[in-house]
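Given next are the chains, with one letter for each unit.
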Amino acid sequence: MASELYNTIDALSREKGIDPQIVVSAVEDAIVMATRKYYKTQENLRAVLDKETGKINAYAVKTVVETPEQVEDPVLQITLEDARKADPNLEVGGELRIPKVTEGILGRIAAQLAKQVIFQKVREAERDTVYNEYIGRVGEVVNATVKRVEGPDVIFDIGKAEARMPRKEQSRLESFAIGERVRVVIARVEKASKGPGVVVSRAVPDLVQHLFQTEVPEIYDGTVVIRAIAREAGERTKIAVMSKDKDVDAVGACVGMKGMRVQSIIRELHGEKIDIIEYHEDAVTFAEKALQPAKVSKVTVVDSGGKHLEVVVDDSQLSLAIGKKGQNVRLAAKLLGWKIDIKSEEEKRQEVEQQMSAMVPQTATPLESVPGLGEGLVEKLGAAGITTVEALADMTPEQLEAIEGIGPKTVEKISLAVNNYFASLEQGLAEGAPVEAVAAGEVAEGEAAATEPAEAGAEDITAEIAVVDEEASSEVGDPTSEAAAEPQAVGTDENERQAESSDEPSEEKSASETRE
C-alpha cells in the first residue's frame with residue numbers, strides 16, 4: 001500500500017498534468033540539497049523515496065576501485081578492500097552507499113530549502129508539459145475565460161494551462177471583465193518565460209478568418225474562399241473573397257441578408273470596421289477594389305517584378321484614398337502584397353509636364369534675332385547679363401528700368417518688340433513655316449512690317465499695330481508685296497535708331513533746364 005506522502009505526490013501530479021516520477025525526483029533532489037547543506041560535505045549524495053513507508057533515505061555514494069593507488073579522491077572513491085568490510089558482495093566499479101541520518105536533524109531551514117526546490121522542479125515540469133501540449137496548436141482559435149488582469153496583460157484560463165495576452169495583442173476597443181468568456185487565437189508558445197508560456201491574441205487576422213468561417217456557411221463548406229486579409233486591430237479590416245461557384249456572390253454571402261452576418265462579426269470585434277472586397281487575379285482591378293470607398297481614376301503597373309503600382313485619383317478623392325493616417329492605402333497594400341503610390345490628377349499632370357519639359361531641349365534665342373532691338377540697346381542688355389530673348393521676356397519693367405541707360409520709353413519699346421517677336425513666331429508656326437526659319441526671323445514681309453515701332457504716344461500704339469496687322473494680312477500670298485515691304489524695313493531701322501537716342505537727349509535737356 002502506498003504511503004500518504006506518495007498519494008499526495010500522485011494527486012499533485014494529476015492536478016498539474018505531469019508525470020508522478022517527476023515530482024518524486026524533485027522531492028529526492030530537495031532532500032539531497034538539504035542534507036548537503038546540513039553536513040556541509042562534498043560527497044556524492046543520493047536520496048531514495050520508499051513508496052510503501054513514505055520515508056526518504058539519504059546516502060553518500062562512493063565508487064569502488066581496486067587498489068589504493070587508483071584512489072584519486074577519497075571523498076568520492078574507496079578501495080575494494082575497505083568497501084567489502086561494509087558489503088562483501090561489492091565488486092570493482094560498483095557503488096558503496098553509506099547511509100546519512102536525516103530524520104529529526106534537518107530543521108526548518110532545510111525544510112524550506114527542500115520546499116523551494118520541489119516547487120521549482122514542479123514548475124519546470126509543468127512548463128514543459130504545457131509547451132508540448134500547445135506547440136502544435138499555434139494559430140488555433142480556443143475559448144478562454146478571463147482569470148485575472150496583471151497590469152497591461154490579461155491572464156486567461158484555456159483549460160489545461162493559463163495563457164497571457166500582452167497589450168500589443170489586444171484591440172484598443174476591447175476591455176475584459178473577470179469571468180468573461182472570449183475567443184482567442186494561440187499566437188505562440190514560449191518555453192523559457194516566467195509567467196504563462198502560452199501567448200494568445202485577439203489582434204491577428206486569423207481571428208477574423210475564424211469568425212467568418214463560423215458565421216458564413218459558404219466559407220465553411222468551401223464555396224467561398226478567403227484569399228487575403230489585412231487588419232489593424234481596433235480600426236479596420238479588409239478581407240478579399242472569391243467564389244468557386246459562378247451562381248454565388250462572394251461579397252453578398254459574407255454580408256448576409258440586411259448585413260446580419262457581417263454585423264455579428266463586427267459585434268464580436270466590438271465595432272471594428274470591415275471592408276469585404278471581391279478578389280481579382282488582375283492586380284490593377286484588384287487595386288481599384290481594394291482602395292474602396294475611394295474612386296480610382298487610373299492604375300498603372302510601374303514594376304511588375306518589384307510589385308509596384310501607381311494609382312491616380314481625383315483631387316477630391318485623394319484624402320479618402322489615403323485614409324486616416326494612411327490607413328486605407330496601407331491596408332490595401334497589405335491585401336495586394338504590392339507597393340502602392342497614390343497621386344492626385346493635379347500631381348500627375350505636373351509630373352508629366354516636368355517630364356515633357358525635360359525631354360524638349362531648351363532653346364536660347366540671342367537678342368539679335370529680335371528685329372525691334374537696336375545694336376545699342378542689345379549692348380546695354382548684354383552688359384547687364386541679358387543675352388537671350390527668353391531671359392528678357394521673364395524680366396519685369398521695374399527690373400529693366402534698374403539697368404543703366406534704360407528709361408520708361410525704352411522699356412515700352414522692348415516690351416513691344418518682344419511681343420511682336422513672339423507673335424511672329426506663333427504666326428509662322430501656324431502657317432507651316434520651319435521652326436528654324438521662324439526663330440531666325442525669316443518670316444513674310446508683312447510680318448516684318450508688323451514689327452515697325454510706333455513713334456506716336458503710348459495711346460496710339462494699339463491702333464497702329466492693328467493697322468499694320470490688317471496690311472500684313474492683306475499682303476500674305478501676294479508676290480507683289482515684296483517690293484512694297486523693302487522701304488518699310490529701311491524706315492524701320494531708321495526709326496529704331498531714332499527711338500534709341502530719344503531718351504538720352506530728353507534727359508540732357510531736362511538737366512540743362514534745371515541748371516538755368
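In what follows, the structure referred to is the one given above.
Residues numbered from 1 in each chain as written. Predicted model: local features only at pLDDT ≥ 70, side-chain atom pairs only at ≥ 80, totals over all residues. Heavy atoms only, no water.

Talk me through the environment of Gln292; I want residue IDs and the actual numbers.
Tracing the sequence through the fold places Gln292 in the loop between α9 (283-290) and β13 (296-303). On the basis of relative accessibility, which here comes to 35%, the residue Gln292 falls in the partly exposed class. Placed 40 residues apart in sequence, Gln292 and Ala332 show a C-alpha to C-alpha distance of 9.0 Å. (Helix = DSSP H or I, 4+ residues; strand = E, 2+ residues; numbered from the N terminus. Buried < 20%, exposed > 50% of the residue type's maximum accessible area, 1.4 Å probe, protein only.)

With reference to specific residues and values, describe the nonpolar core.
Among the nonpolar cores identified, the biggest contains 25 residues, and Phe286, Val311, Leu335, Leu336, Ile340 and Ile342 are the most heavily contacted of them. Among the elements that make up this core, the one with the highest residue count is helix α11 (residues 327-336) (5 residues). Apart from residues lying up to four places away in sequence, Phe286 is in contact with Ala240, Ile277, Glu278, Tyr279, His280, Leu335 and Leu336. In this structure, Val185, Ala250, Ala253 and Ile266 belong to the second largest nonpolar core, which totals 22 residues. (Core = buried A, V, L, I, M, F, W, Y, C linked by side-chain atoms within 4.5 Å. Contact = heavy atoms within 4.5 Å.)

Break down the layout of surface pockets for me, with residues and values.
In this model, the largest pocket occupies a volume close to 690 Å³. Taken together, 29 residues form the lining of the largest pocket, with Lys16, Glu126, Arg127, Val130 and Glu162 sitting closest to its centre. Only α1 (4-16), α4 (107-134) and β5 (141-150) provide two or more residues apiece to the lining of the largest pocket. With 11 residues, the top contributor of residues to the lining of the largest pocket is α4. Of the residues contributing to the lining of the largest pocket, the split by class is 11 nonpolar, 5 polar and 13 charged. (1 Å grid on protein atoms, 1.4 Å probe; cavity = no way out; pocket = protein on both sides within 12 Å on 5 of 7 lines; lining within 4 Å. Points joined across faces, edges and corners; volume = space filled by probe spheres on them. Nonpolar A, V, L, I, M, F, W, Y, C, P; charged D, E, K, R; others polar.)

So what about α9? Which residues, and what values?
Among the residues of α9, those classed as buried are Ala283, Phe286, Ala287 and Ala290. One side of α9 holds all its buried residues, which, seen down the axis, span an arc of 105°. Looking at the packing, one finds that the buried side of α9 touches β11 (236-243), β12 (273-278), β13, β14 (308-313) and α11. (Arc of directions from axis to C-beta.)

Describe the pairing of β11, naming the residues involved and giving the relevant values.
Counting buried positions over the 8 residues of β11 gives 6, a clear majority of the element. By the bridge criterion, 8 bridges tie strand β10 (residues 224-232) to β11 in an arrangement that is antiparallel. Each bridged residue has a counterpart across the sheet, and for Arg231 the counterpart in β11 is Thr237. Hairpin geometry of β10 and β11 is characterised by an intervening segment of 3 residues between the two adjacent antiparallel strands and by a positive phi of about 85° at Gly234. (Pairing = 2+ DSSP bridges.)

Go over the sheet that holds β13 with me, naming the residues and quoting the values.
Read across the sheet, 3 strands follow the order β13-β14-β15 without closing on themselves; strand pairing throughout is mixed. Looking at which strands have only one partner, the edges of the open sheet turn out to be β13 and β15 (339-344). Across the sheet, the mean angle from the axis of one strand to that of its neighbour is 20°, orientation sign disregarded. Relative to β15, β14 is paired through 6 bridges, and the arrangement is parallel. Each residue of the ladder has a partner; that of His308, found in β15, is Lys339. Against the sheet, α9 makes contact with β13 and β14, and its axis sits at roughly 135° relative to β13, the strand it touches most. Where α11 meets the sheet, it contacts β14 and β15, and its direction lies at approximately 140° from that of β15. (Axes fitted to C-alpha atoms, helices over the stretch in contact; angles between N-to-C directions.)

Pulling in residues and values, what's your account of the packing of helix α5 (residues 205-215) against helix α8 (residues 260-268)?
For the pair α5 and α8, interaxial distance at closest approach is 10 Å and the crossing angle is 140°. The pairing of α5 with α8 is recorded here as oblique in orientation. For the pair α5 and α8, the crossing hand works out as right-handed. Contacts between α5 and α8 involve Leu211, Phe212 and Glu215 from the first element and Arg261, Val262, Ser264, Ile265 and Glu268 from the second. Of the residues assigned to the contact of α5 with α8, the class counts are 4 nonpolar, 1 polar and 3 charged. (Parallel < 35°, antiparallel > 145°, perpendicular 65-115°, else oblique. Left-handed = near helix turned anticlockwise from the far one by under 90°.)

Requested: an account of a negative patch on the surface, with residues and values cited.
On the surface, Asp314, Asp315, Glu345 and Glu347 cluster together into a negatively charged patch. Mapped onto the elements of the fold, Glu347 is located in helix α12 (residues 345-359). Assessed through its relative accessible area of 39%, Glu347 is described here as partly exposed. (Patch = residues over 30% accessible without salt bridge, like charges linked within 9 Å, V, L, I, M, F, W, Y side chains within 5 Å. Areas by Shrake-Rupley, 256 points an atom, 1.4 Å probe, with all protein chains shown as cover. Salt bridge = Lys/Arg side-chain N within 4 Å of Asp/Glu carboxyl O. Lys, Arg positive; Asp, Glu negative; His and termini not counted. Charge placed at Lys NZ, Arg CZ, Asp CG, Glu CD.)

Mind laying out the side chain of Gln327, listing which residues take part and the relevant values?
Position of Gln327 among the secondary structure elements: in helix α11. In this structure, Gln327 is in contact with Glu232, Glu235, Arg236 and Ile322, ignoring residues within four places of it in sequence.

I'd like to hear about the side chain of Asp275, residue by residue, with values.
Considering the arrangement of structural elements, one finds Asp275 in strand β12. A distance of 2.8 Å separates a polar atom in the side chain of Asp275 from a polar atom in the side chain of Arg236. Ignoring sequence-local partners within four residues, the contact set of Asp275 consists of Arg236, Thr237, Lys238, Ile239 and Gln292. (Polar contact = N/O pair within 3.5 Å; in protein donor to acceptor, adjacent residues only side chain to side chain.)

Requested: an account of helix α2 (residues 20-39), with residues and values cited.
A rise of 1.5 Å per residue sets the reference length of α2, with its 20 residues, at 28 Å; its end C-alpha atoms lie 29 Å apart and thus fit the reference within 8%. Residues Val23, Val24, Ala26, Val27, Glu28, Ala30, Ile31, Val32, Ala34 and Thr35 constitute the buried set of α2. (Expected span 1.5 Å × (residues − 1).)

Kindly report on the packing of aromatic side chains, identifying the contributing residues and their values.
The description of an aromatic ring pair rests on the distance of the ring centres and on the angle between the ring planes. Considering all chains together, one arrives at 2 aromatic pairs under this definition. Summarising the aromatic geometry, the rings of Phe156 and Phe176 are spaced 5.8 Å apart at their centres and angled 85° between planes, so their arrangement reads as edge-to-face. With Phe156 in strand β6 (residues 153-157) and Phe176 in the loop between β7 (162-165) and β8 (181-189), this pair connects stretches of sequence that are 20 residues apart. The exposure classification of Phe156 matches that of Phe176, with both residues buried. Ring geometry for Tyr279 versus Phe286: centroids 5.0 Å apart, planes at 70°, classification edge-to-face. (Phe/Tyr/Trp six-rings, centres within 6.5 Å; stacked < 30°, edge-to-face > 60°.)

An account of the sheet that holds β10 is requested, with residue identities and associated values reported.
In spatial order, the strands read β10-β11-β12; together these 3 strands make up an open sheet with mixed pairing. Edge strands, defined here as strands with exactly one partner in the open sheet, are β10 and β12. Averaged over neighbouring strand pairs, the angle between their axes works out to 20° when direction is ignored. The sheet strands contacting α5 are β10, β11 and β12, and the helix crosses β10 at an angle near 145°.

Purely geometric stuff here, so don't read any function into it on its own.
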